[in-house]
Amino acid sequence: MRIANLSGRLALIVDGRAVDVEQASDRRFSADPQAVYEHWEEFRSWATAVDLPAGSAFEPADLGSPAPAPRQTLAIGLNYRDHASESGFAAPEGLPPVFTKFVTSISGPVTEVKLPEGGNTDWEVELVAVIGRRAEGVREADAWSHVAGLAVGQDISERVAQLRGPAPQFSVGKSYPGFAPIGPWLVTPDEFDNPDDLELRCAVNGEEVQKGRTRDLIFSVPALIARLSAVLPLLPGDVIFTGTPAGVGLGRDPQRFLAAGDELVSSVEGIGELRQTFVA
């Protein structure tokens, strides 16, 4: 199942066409894309059983984030060994570094992003998991049952603000407007042969700069949910950015950052792609 936010309305994507959920359900479910997670099990049961009407064509630029207003956005740092190494850190043990991306940074899959003046803006393709059922003290073996679905994410990062002392400001440096594109839709875990082994790719102006697989995560999606939910409840609709593989601009020699006119394309196997254009 593919769940989308089309022009601010909850939709199901069937054979490449969009079905408006509020209309198809006779208003049983709200048009608000974020509201569906509070009724996730009921929605899943309805969507898998209903005879849906024919969908409508749509433009990718009209898609928003499938989780546009989460109460909590948790982002994980250094969750691939090769990225930890290129960043000059040891691989984490126990709970990996956790920060947030503030909700106003969240956007859809096809956007124009303004570069902060005087900054060094970098790319980080990531698998995003959205919570569908409250998770508190969840065992790793049970964690997938709490996941509504998976999406592509970009943890766009302005490195000057992020790393300025006396203490780094990860959340601030990663939360400029448009710095958290998510999409193009949410894909339920049952759609994948193995949701723990998906390929990620990222390209700048057609040049591949990142390529990895989620099987190489130090802490898998279930492990992250288990460790995070041991500390705080994960709520329906919460978003988890799971970490990025090697290849970011900060870790290159010489370092490389995004410039006005650059196009950033990020993809995850079995889900789709994001496309960001940068302006001064």
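As the structure is a prediction and not an experimental result, all values here were calculated from the model. (Residues numbered from 1 in each chain as written. Predicted model: local features only at pLDDT ≥ 70, side-chain atom pairs only at ≥ 80, totals over all residues. Heavy atoms only, no water.)

**Q** Got a minute to help me understand the overall build of the protein chain in this structure?
**A** Scanning the protein chain from N- to C-terminus turns up six helices and 18 strands. Computed over the C-alpha atoms, the radius of gyration of the protein chain is 18 Å, within 12% of the 19 Å expected from 2.2 N^0.38 for a compact globule of 280 residues. Seen along its three principal axes, the alpha-carbon backbone of the protein chain occupies a region of about 55 × 40 × 30 Å. Looking at the protein chain residue by residue over its 280 residues, the buried ones come to 55%. Look at the contacts in the protein chain between residues 6 or more apart in sequence, and 75% of them connect residues 24 or more apart. Taken as a whole, the protein chain presents about 11,900 Å² of accessible surface, with 48% of it coming from carbon and sulfur. In the protein chain, the 24 positive side-chain charges and the 39 negative ones have mean positions that sit 2 Å from each other. (Helix = DSSP H or I, 4+ residues; strand = E, 2+ residues; numbered from the N terminus. Rg over C-alpha atoms; globule rule 2.2 N^0.38 Å. Buried < 20%, exposed > 50% of the residue type's maximum accessible area, 1.4 Å probe, protein only. Contact = heavy atoms within 4.5 Å. Areas by Shrake-Rupley, 256 points an atom, 1.4 Å probe, with all protein chains shown as cover. Lys, Arg positive; Asp, Glu negative; His and termini not counted. Charge placed at Lys NZ, Arg CZ, Asp CG, Glu CD.)

**Q** In this structure, what is going on with the environment of Gly 212? I would like to understand it.
**A** Along the chain, Gly 212 falls in strand 15 (residues 207–213). Relative accessible area serves as the criterion here: at 13%, Gly 212 is assigned to the buried category. As a C-alpha pair, Gly 212 and Gly 247 span 35 residues in sequence and 9.4 Å in three-dimensional space. Those residues within four positions of Gly 212 in sequence are excluded, and the remaining contacts are Leu 198, Glu 199, Leu 200 and Pro 245.

**Q** For this particular structure, what's the right way to read the environment of Val 209?
**A** Assignment of secondary structure puts Val 209 in strand 15. On a C-alpha basis, the gap between Val 209 and Ser 229 in space is 33 Å, while along the polypeptide they are 20 residues apart. With residues up to four places along the chain from it excluded, the contact list for Val 209 reads Trp 123, Cys 202, Ala 203, Val 204, Ala 246, Gly 247, Arg 252 and Arg 256.

**Q** I would appreciate a short explanation of the nonpolar core in the present structure.
**A** Grouped burial of nonpolar side chains is what soluble globular proteins tend to show. In terms of nonpolar packing, the biggest core is built from 50 residues, with Leu 150, Trp 185, Ile 225, Leu 234, Ile 240 and Ile 271 touching the most fellow members. Per-element accounting of this core gives the leading share, five residues, to helix 6 (residues 221–229). Discounting residues that sit within four places of it in the chain, Leu 150 has contacts with Leu 127, Val 128, Ala 129, Trp 144, Trp 185, Leu 186, Val 187, Phe 192, Pro 195, Leu 198 and Ile 271. Ile 106, Ala 148, Ala 180 and Val 239 belong to the second largest nonpolar core, which has 26 residues in total. (Core = buried A, V, L, I, M, F, W, Y, C linked by side-chain atoms within 4.5 Å.)

**Q** How should the sheet that holds strand 17 (residues 263–268) be read in this particular structure?
**A** Pairing between the strands of a sheet comes from backbone hydrogen bonds, and it takes one of two forms, parallel or antiparallel. Strand order in the open sheet formed by five strands is 8-18-17-14-15, with mixed pairing between adjacent strands. Where the open sheet ends on each side, the last strands, each with one partner, are strand 8 (110–114) and strand 15. Sheet twist, expressed as the average angle between the axes of neighbouring strands with direction ignored, equals 15°. Summarising the sheet, strand 14 (residues 199–204) and strand 15 pair through six bridges and their orientation is antiparallel. Looking at strand 15, one finds that Ala 203 is bridged to Glu 208. (Pairing = 2+ DSSP bridges. Axes fitted to C-alpha atoms, helices over the stretch in contact; angles between N-to-C directions.)

**Q** Please clarify how the side chain of Ser 157 should be interpreted in this entry.
**A** Along the polypeptide, Ser 157 turns up in strand 12 (residues 157–158). On the basis of relative accessibility, which here comes to 0%, the residue Ser 157 falls in the buried class. A polar side-chain atom of Ser 157 sits 2.9 Å from the main-chain carbonyl oxygen of Asp 155. In this structure the side chain of Ser 157 is engaged in a polar contact, spanning 2.7 Å, whose partner is the side chain of Lys 174. Excluding residues within four positions of it along the chain, Ser 157 makes contact with Asn 120, Thr 121, Asp 122, Glu 124, Gln 162, Gly 173, Lys 174 and Phe 179. (Polar contact = N/O pair within 3.5 Å; in protein donor to acceptor, adjacent residues only side chain to side chain.)

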